[in-house]
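Structural features, examined
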Amino acid sequence: MSHASLPILLEDRSRFDWMRAKYEPVVRAGPTSAIVTHCLRAAPSLESLLKDGSAKWATELRCPKTLFCRVDETSESDQRVEWAPEDVDGDLFVIPGLVAASDLTLQTDVGELSPVWPNDSFSVRRGWWLARGLARRTRTLGQSLLKFHEDRKLPNGQMRIQPDSSTENLRFHVQLARDIWPEHTNRHVQVAALIGALARLKDAFASEEDEPAVAHEIRRRLEAAGIPTWDDTDAYDPARAATAIEPFRPSVKPESNG
Amino acid sequence: MIESVLDKAEAVFGAWQRGLVFESKRYRKHSDKGQAVQEKVRPRQNELICAVRDGPAALGQYLRQHLGLDCDEDIGAPALTRPALTVNEYLDPPIELEAELGRAWMDKVSLRRASQPVFWLLCHIDWIERKRLGAAGDLGQFLLLKGTSEPDSETKTRNFLRRTGGIFLRGKISVFSDCTMARAWWRFHLSRQIAAASGGRVSRETAHRVLHANRPAWETFVLDSLRRIVAVSHPRARAAIVHQLARILESHGGIKKQQVRHMGIGLARLGLRNSLGHVDRSALTDAASGAMQSDDTRPTSGTRSTENHDDYDETNRV
């Protein structure tokens, strides 16, 4: 089965098979489930395959660390996928798409496909990804970086942060005193912890060559926002960096001035 | 296992491991900084080695202290299935013992915990304190040494960390390969998964035989799933690989890691544009078998590899 012989609609449009069609999934993920809203635009031939049931929405779940992998399918454009918390550790990736649920014929309208395709009709075997979305992590960058623990030896109201060196991924252990431990899911506590972690970021790896992927992603986001990174020791502000990635959110709406 | 115990230990585990090892990638051995680090690390290594030599009670106390556990805190680890393992059984569990442990632990150990080195270290504390690893006095043979050689403190320490759950220097593969008890669980788990996903083509016992046959091949099999860019994570893909390997094992008496790698590449190519959960089994078989080179079907000599092999040390990772 040749992997290059059939058109595929990619979310990032890195292939030019389809002239106008777009696949624009939206994924909203929580700790044990995600809602995937699949969305096709300007792809009547793919929509007709969905209507007749020969194509289905499919979402792949993949957790590399626990070797967990599953593909769930549905005919509904809003798809709920769930997983047991005990089946995953670290990052879980959600990869949405549209799959040929049976052997089918893809019959495209004139002009749907790029002129590079001489045909407008294709025999597609079951399993072919007709459309494929980008892989998304289920955790935010902040959640990936921090792991919270209760520390009964810490005096009331205190927090401590240490880099975690047991994993090749960048991570920090955040220890909270007993009295504030119940608030560890509070966003303000999490942002405060993120500020502390970014203050210690440079301690967590030996050199730029060793920079983990998460640090690289943080660097990329800061540079895109014009915010100094930890390379510039004079200008680097961990509070600014952290809140650029995970902003504080006001708990009270501002009063109107009218 | 008791969650609060895991939580406490997890918070300090990484720093404790790091404090015990001289990282030659970070520091030049003969530089001032390297010498200073070695001067800090060596006494900690000696403390660990002495604790091992002093026996189960001393080692349990040492580990509890360094992991932030109270001296009498219940750990609640899954029990070993035999009153005491021999050194050979521990260092290289036969397939029957792996199956015995796997069956006993299947419902007691989750995927999440099984992938965590700190979990297996806590199990070791429990087993050591209950004197399940040999008779008193020979813990060194289990945890520090290999055969009759007397390596330096760095090697002994690394052996200890590998065997009791995995060492951070070896990344994600360590818990699957270096800790033999964790490896037993994973092989049993995957053999069940493969049998269920094979559509009747592969029995659990056959799958386990394949996974147990050759350590480098096992590591390659797992590593290709650990890297998310290689789309062979789906159980049906694993089943296709093991089905082919079973045939080779039967006809040639052994398997090679290159065969696993080629099959993984073949399936990854298929998985780039196809859902491996949906394609026909014939397509999976074609992808696995078609990617093999004919000169890779010669049998391997021997199925045991040395513990400190460098195939998948982080420096050499492909």
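1. Structural notes on the nonpolar core
Formed by 104 residues in total, the largest nonpolar core has its most connected members in Trp-16, Leu-59, Trp-120, Phe-160, Met-181 and Leu-267 of chain B. Grouped together as the second largest cluster of nonpolar side chains are 29 residues, Ala-55, Ala-58, Val-71 and Leu-130 of chain A included.

2. Regarding empty space enclosed by the protein
All names here are of chain B. With the rule as written, the count across this model stands at five cavities of 30 Å³ or more. The space that makes up the second largest cavity amounts to roughly 70 Å³. Taken together, Ala-197, Ser-198, Arg-201, Arg-236, Ala-239, Ala-240, His-243, Arg-281, Leu-284 and Thr-285 form the lining of the second largest cavity. Of all elements in the fold, only helix 14 (235-252) and helix 16 (281-290) reach the threshold of two or more residues within the lining of the second largest cavity.

3. Concerning the packing of helix 7 (residues 117-129) of chain B against helix 11 (residues 180-197) of chain B
All names here are of chain B. Remark: helix 7 packs on helix 11, axes separated minimally by 10 Å, with the N-to-C direction vectors making an angle of 115°. For the pair helix 7 and helix 11, the crossing hand works out as right-handed. Here Trp-120, His-124 and Trp-127 of helix 7 come into contact with helix 11, specifically with Met-181, Ala-182 and Trp-185.

4. A look at helix 1 (residues 44-51) of chain A
All names here are of chain A. Every buried residue of helix 1 is listed here: Ser-45, Leu-46, Leu-49 and Leu-50. The buried residues of helix 1 occupy one face: seen down the axis, they fall within an arc of 145°. Summarising the contacts, the buried residues of helix 1 are in contact with strand 1 (9-10), strand 5 (40-41), strand 6 (55-63), strand 9 (93-100), strand 10 (104-107) and strand 12 (129-132). One or two positions beyond helix 1, positive phi appears at Gly-53, with a value near 85°.

5. Looking at the pattern of salt bridges
All names here are of chain B. Across all of its chains, the model carries 44 salt bridges over all chains by this definition. A salt bridge links Asp-178 to Arg-170; the nearest nitrogen and oxygen atoms lie 2.8 Å apart. Arg-170 matches Asp-178 in its accessibility class, with the two residues each being buried. Between Asp-224 and Arg-261 there is a salt bridge whose closest N-O contact spans 3.4 Å. In this pair, Asp-224 is assigned in helix 13 (residues 215-226) and Arg-261 in helix 15 (residues 257-273), connecting sequence segments 37 residues apart. Residue classification places Asp-224 among the buried residues on the basis of a relative accessible area of 5%. Residue Arg-261 is classed as buried on the basis of its relative accessible area, which comes to 19%.

6. Thoughts on helix 5 (residues 95-105) of chain B
For helix 5 of chain B, the set of buried residues is Leu-97, Glu-98, Ala-99, Leu-101, Gly-102 and Trp-105 of chain B. Next to the buried residues of helix 5 of chain B lie helix 4 (87-91), helix 7, helix 11 and helix 12 (204-212) of chain B.

7. Regarding the layout of surface pockets
Approximately 1,200 Å³ is the volume found for the second largest pocket. What lines the second largest pocket is a set of 34 residues, among which Pro-31, Arg-139, Gln-143, Leu-146 and Gln-190 of chain A lie closest to the centre. Elements that contribute at least two residues to the lining of the second largest pocket include exactly helix 2 (141-145), strand 14 (146-151) and helix 3 (187-199) of chain A together with helix 1 (3-18) and helix 6 (111-114) of chain B. Here the residues of the lining of the second largest pocket sort into 12 nonpolar, 10 polar and 12 charged.

8. What about the side chain of Gln-116 of chain B?
By secondary structure assignment, the location of Gln-116 of chain B is in the loop between helix 6 and helix 7. The exposure class of Gln-116 of chain B is buried, given its relative accessible area of 2%. Engagement of the side chain of Gln-116 of chain B in a polar contact is seen with the side chain of Asp-89 of chain A, the distance being 3.2 Å. Separated by 2.7 Å, the side chains of Gln-116 of chain B and Arg-113 of chain B make a polar contact.

9. Considering the sheet that holds strand 4 (residues 33-37) of chain A
Residue and element names in this part refer to chain A. Here three strands make up an open sheet; going across it, the order is 3-4-8 and the pairing antiparallel. This sheet does not close on itself; its edge strands, each paired only once, are strand 3 (26-29) and strand 8 (78-82). Going from strand to strand, the sheet's axes swing by 20° on average, the running direction of each strand aside. Strand direction decides the pairing type here: strand 4 and strand 8, joined by five bridges, are antiparallel. Within the sheet, the bridge partner assigned to Thr-37 lies in strand 8 and is Asp-78.

10. Regarding the interface of chain A and chain B
Many structure descriptions define interface size as the accessible area lost when the parts assemble. Taken residue by residue, the interface counts 43 residues in chain A and 43 residues in chain B. Between chain A and chain B lies a buried interface of about 3,800 Å² when both sides are counted; carbon and sulfur atoms form 52% of it. Residue Lys-147 of chain A is joined to Glu-10 of chain B by a salt bridge in which the shortest nitrogen-to-oxygen separation is 3.6 Å. For the interface between chain A and chain B, the tally reads 13 residue pairs in polar contact (both at pLDDT 80 or more). Residues that form the side of chain A that touches chain B fall into these classes: 18 nonpolar, 10 polar and 15 charged.

Procedures and definitions
Residues numbered from 1 in each chain as written. Chains lettered and ligands numbered in written order. Predicted model: local features only at pLDDT ≥ 70, side-chain atom pairs only at ≥ 80, totals over all residues. Heavy atoms only, no water. Core = buried A, V, L, I, M, F, W, Y, C linked by side-chain atoms within 4.5 Å. Buried < 20%, exposed > 50% of the residue type's maximum accessible area, 1.4 Å probe, protein only. 1 Å grid on protein atoms, 1.4 Å probe; cavity = no way out; pocket = protein on both sides within 12 Å on 5 of 7 lines; lining within 4 Å. Points joined across faces, edges and corners; volume = space filled by probe spheres on them. Helix = DSSP H or I, 4+ residues; strand = E, 2+ residues; numbered from the N terminus. Axes fitted to C-alpha atoms, helices over the stretch in contact; angles between N-to-C directions. Left-handed = near helix turned anticlockwise from the far one by under 90°. Contact = heavy atoms within 4.5 Å. Arc of directions from axis to C-beta. Salt bridge = Lys/Arg side-chain N within 4 Å of Asp/Glu carboxyl O. Nonpolar A, V, L, I, M, F, W, Y, C, P; charged D, E, K, R; others polar. Polar contact = N/O pair within 3.5 Å; in protein donor to acceptor, adjacent residues only side chain to side chain. Pairing = 2+ DSSP bridges. Buried area = accessible area lost by both parts, 1.4 Å probe.

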